[in-house]
Amino acid sequence: MSDRKVYTDYFFDEPAFNTHDGGYVPLKEPTTPQETLRIPKLLKPDKETDTDMYYTVIAQTGETQLLPGAKTKTWGYNTSLLGQTIVFKNGKTIHITLKNELPELTTFHWHGLNVDGPITDGGCHAPVYPGKSTQIEFKCHQPAATLWLHAHPCPATAEHVWKGLADGVIVKDDVESKLPFPRNYGVDDIPLILQDRAFHDNQFDYIADYDPDGVQGPTPMINGTINPYFDVTTQRLRLRILDGANRREWRLHFSDDLKFTQIASDGGILPEPVDFTHLMITCAERAEIIVDFGKYKPGDEVTLYSDDVPIVRFRIHEFAKDDTKLPDRLVDIPDPQVTPNSQVHKVVMSGMDEMVEINGKKFDMQRIDDKQKLGNVEYWDISNTNDRDTGMIHPYHMHGTQFRVVSRNGHDPYPNERGLKDTIGVNPGETVRIKVWFEHLGVYMYHCHIIEHEDGGMMAQFEVYDPDHPKTYKLMDMDTLMTAFAKERGVKKDELYIPGMDM
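Here the structure is a predicted model, which means the values were calculated and not measured. (Residues numbered from 1 in each chain as written. Predicted model: local features only at pLDDT ≥ 70, side-chain atom pairs only at ≥ 80, totals over all residues. Heavy atoms only, no water.)

## Observations regarding the state of the cysteines
Alright, step 1. Scanning the entire structure with this criterion turns up zero disulfides.
Alright, step 2. Cysteine Cys124 is unpaired, with the sulfur of Cys154 as its nearest cysteine sulfur at 3.3 Å.
Alright, step 3. Residue Cys124 is classed as buried on the basis of its relative accessible area of 1%. (Disulfide = S-S within 2.5 Å. Buried < 20%, exposed > 50% of the residue type's maximum accessible area, 1.4 Å probe, protein only.)

## Remarks on unusual backbone geometry
Alright, step 1. Here the bond from Gly117 into Pro118 is cis, since omega is 5°, no more than 30 degrees from zero.
Alright, step 2. Cis rather than trans, the peptide bond between Cys154 and Pro155 has omega equal to 5°.
Alright, step 3. Within the secondary structure, Pro155 is located in the loop between β11 (145-150) and α1 (157-163).
Alright, step 4. Despite not being glycine, Leu82 shows a phi value in the positive range, around 60°.
Alright, step 5. Relative to the helices and strands, Leu82 is located in strand β6 (residues 82-83). (Helix = DSSP H or I, 4+ residues; strand = E, 2+ residues; numbered from the N terminus.)

## Here's the deal with the nonpolar core
Alright, step 1. Residues Leu192, Leu239, Phe254, Phe293 and Phe314 are the most contacted members of the largest nonpolar core, which totals 35 residues.
Alright, step 2. Setting aside its immediate chain neighbours within four residues, Leu239 contacts Ile190, Leu192, Phe254, Ala287, Glu288, Ile289, Val291 and Phe314.
Alright, step 3. Residues Trp75, Tyr77, Leu102 and Phe138 belong to the second largest nonpolar core, which totals 31 residues. (Core = buried A, V, L, I, M, F, W, Y, C linked by side-chain atoms within 4.5 Å. Contact = heavy atoms within 4.5 Å.)

## Focus: the domain arrangement of the chain
Where interface size is given, it is often the accessible area lost as the parts come together that is meant.
Alright, step 1. Domain annotation of the chain identifies domain 1 (6-15 + 181-316), domain 2 (35-172) and domain 3 (345-477).
Alright, step 2. Here the C-alpha centre of domain 2 lies 21 Å away from the C-alpha centre of domain 1.
Alright, step 3. Our enumeration of links across domain 1 and domain 2 arrives at zero salt bridges.
Alright, step 4. Secondary structure elements with two or more residues in the side of domain 1 that touches domain 2: β13 (189-197), β14 (219-222), β15 (225-226), β16 (228-232), β17 (236-243), β20 (268-276) and β22 (286-292). (Domains from an automatic or database assignment. Salt bridge = Lys/Arg side-chain N within 4 Å of Asp/Glu carboxyl O.)

## Digging into the sheet that holds strand β7 (residues 86-89)
Strand pairing in a sheet takes place through backbone hydrogen bonds and is either antiparallel or parallel in direction.
Alright, step 1. Pairing is mixed in the open sheet, where four strands are placed in the order β7-β12-β11-β9. Every other strand in the sheet has two partners, leaving β7 and β9 (109-111) as the edge strands with one partner each. Neighbouring strand axes in the sheet, compared pairwise and without regard to direction, differ in orientation by 30° on average.
Alright, step 2. Pairing between β7 and strand β12 (residues 166-172): four bridges, direction parallel. Residue Ile86 lies in a different strand from β12, and its bridge partner there is Val169. (Pairing = 2+ DSSP bridges. Axes fitted to C-alpha atoms, helices over the stretch in contact; angles between N-to-C directions.)

## Some remarks on the side chain of Asn18
Alright, step 1. If you trace the backbone, Asn18 turns up in the loop between β1 (6-7) and β2 (35-36).
Alright, step 2. Accessibility expressed as a relative area gives 1% for Asn18, which makes it buried.
Alright, step 3. Beyond its immediate stretch of four places on either side in the chain, Asn18 contacts Tyr24, Arg247, Arg248, Glu249 and Arg251.

## Structural notes on the pattern of salt bridges
Alright, step 1. Scanning the model with the defined rule gives 42 salt bridges in all.
Alright, step 2. Between Arg236 and Asp322 there is a salt bridge, and its shortest N-O distance comes to 3.2 Å. With Arg236 in strand β17 and Asp322 in the loop between β24 (309-316) and β25 (345-350), the pair connects residues that are 86 residues apart, well separated along the chain.
Alright, step 3. A cluster of three or more residues bridged by salt bridges with shared partners is formed by Glu176, Arg183, Asp189, Arg238, Arg240 and Glu288.

## Here's the deal with the packing of aromatic side chains
Alright, step 1. Counted according to the given criterion, the structure contains 27 aromatic pairs.
Alright, step 2. Judged by centre distance (5.1 Å) and plane angle (20°), the ring pair of Phe11 and Tyr414 falls under stacked. Of the two residues, Phe11 sits in the loop between β1 and β2 while Tyr414 sits in the loop between β30 (403-408) and β31 (420-421), which places them 403 residues apart along the sequence.
Alright, step 3. Look at Phe11 and you get partly exposed, because its relative accessible area is 25%.
Alright, step 4. Between Trp380 and Tyr446, the aromatic rings sit 5.6 Å apart at their centres with planes inclined by 75°, giving edge-to-face as the arrangement. Taken together, the positions of Trp380 in strand β28 (residues 377-384) and Tyr446 in strand β34 (residues 442-448) put the pair 66 residues apart, joining distant regions of the chain.
Alright, step 5. Among the aromatic side chains, those forming a connected cluster through ring pairs are Tyr7, Phe11, Phe12, Phe230, Phe254, Phe260, Phe276, Phe293, Tyr296, Phe314 and Tyr414.
Alright, step 6. It is Arg315 that lies over the ring of Tyr229; its NZ or CZ is 3.5 Å from the centre. (Phe/Tyr/Trp six-rings, centres within 6.5 Å; stacked < 30°, edge-to-face > 60°. Lys NZ or Arg CZ within 6 Å of the ring centre and 35° of its normal.)

## A word on the sheet that holds strand β26 (residues 357-358)
Alright, step 1. Spatial strand order, β26-β25-β28-β33-β30-β31: six strands in an open sheet with mixed pairing. Each end of this open sheet is capped by a strand with a single partner; those strands are β26 and β31.
Alright, step 2. Of the strand pairs in this sheet, β30 and β31 are connected by two bridges, and their pairing is antiparallel. Each residue of the ladder has a partner; that of Phe403, found in β31, is Lys421.

This is the structure we're talking about:
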């Protein structure tokens, strides 16, 4: 048995859990029959060589059988809801054709991928219009990780994700392939995309459910499955958990307080495995865990809960005995020294509801709020000014990089935050210091990943620059986007309503 410490609490400030929000929508256990957990198919490359991979990714409409009765109208990537899991291999050049078969513009944001900005990154400056396609190309140069793809057409990002535009992305490399992890996709290596939804006669109605502090629904939806179960046929199971919800944070634990081990966070494998009985992740964070079902027998059932609501049931079947042990050291990850005499960047997230801001300002698509020199390693201090008793945890996301977490209010970060990350939950009244560096030039965004908050203006943008090779960027403007949305939705521009558009 490992003598590693087992952590039994969620670490974050309990008064700031979303359960205390006045608009909180508690999860409820579905009353519909249990369904087999949907496992997204792997997207087949159009072509793959020793050096290159080619994909076509299609944003499309569809219908999905989520509840008994009428099918739900949904959006997805290469499927009706969510997407087919995309695999990139570290070191290869990736070529992707992005096609939009939706009735309105969208963007394709590669959350966690270190690529050029703003176009390849796929934020709001890179719209793909209905019936159109575009091509992107980049060298995959980062360690094995669970990333994701989602729409990012501010201020309609939240609505597009709510309709289904969220997809898992897996980066593979030679280091991860040698570690004693389960990696038989669909058998012992399973994505879990955690979301919640409300239904209106079996349909989504984003406007009816709108809340500026984040849209929530009472029904847990896991990989696009309501009330799912998974048939366990191996002793050890690797779960790639993504908080793909618009607002909800998830406080996860198994029945019997079964111990599990986190092996990876947002940007890849952790330096050391971390054992838990309880784990909380905030919006857009990822956590890869290994669960060992060795003490159970066929016919047993182990349940994964968020708070006290069951979200996935694991039905135990016969499996071969597996005595594989994880080493106490997994990988070495970069931890470069801070560039001497560099500035400390300040990011202050403030407000709630429609009053959210960063550094006292609402987002402006054509304003550059900060800059960092390519090659520099610099501290960024991320603060949440919300009141500790009545405020919210704000998950901070930074495009174009994977950073190191240095401290929380001057103290050590949580034990599972010692790896590479792109999203970090910040408690009210707290300042989290991160160490940031970039490999690519570009204009990128940073924002709260409660998606309604970013749509409502808790977002800013920065430029990674090279003084020896200055670049200029043609940045999209909000008026152009709103004109396009109005035309596509068949209304006059002054009649267009997208929550958050008046940020």
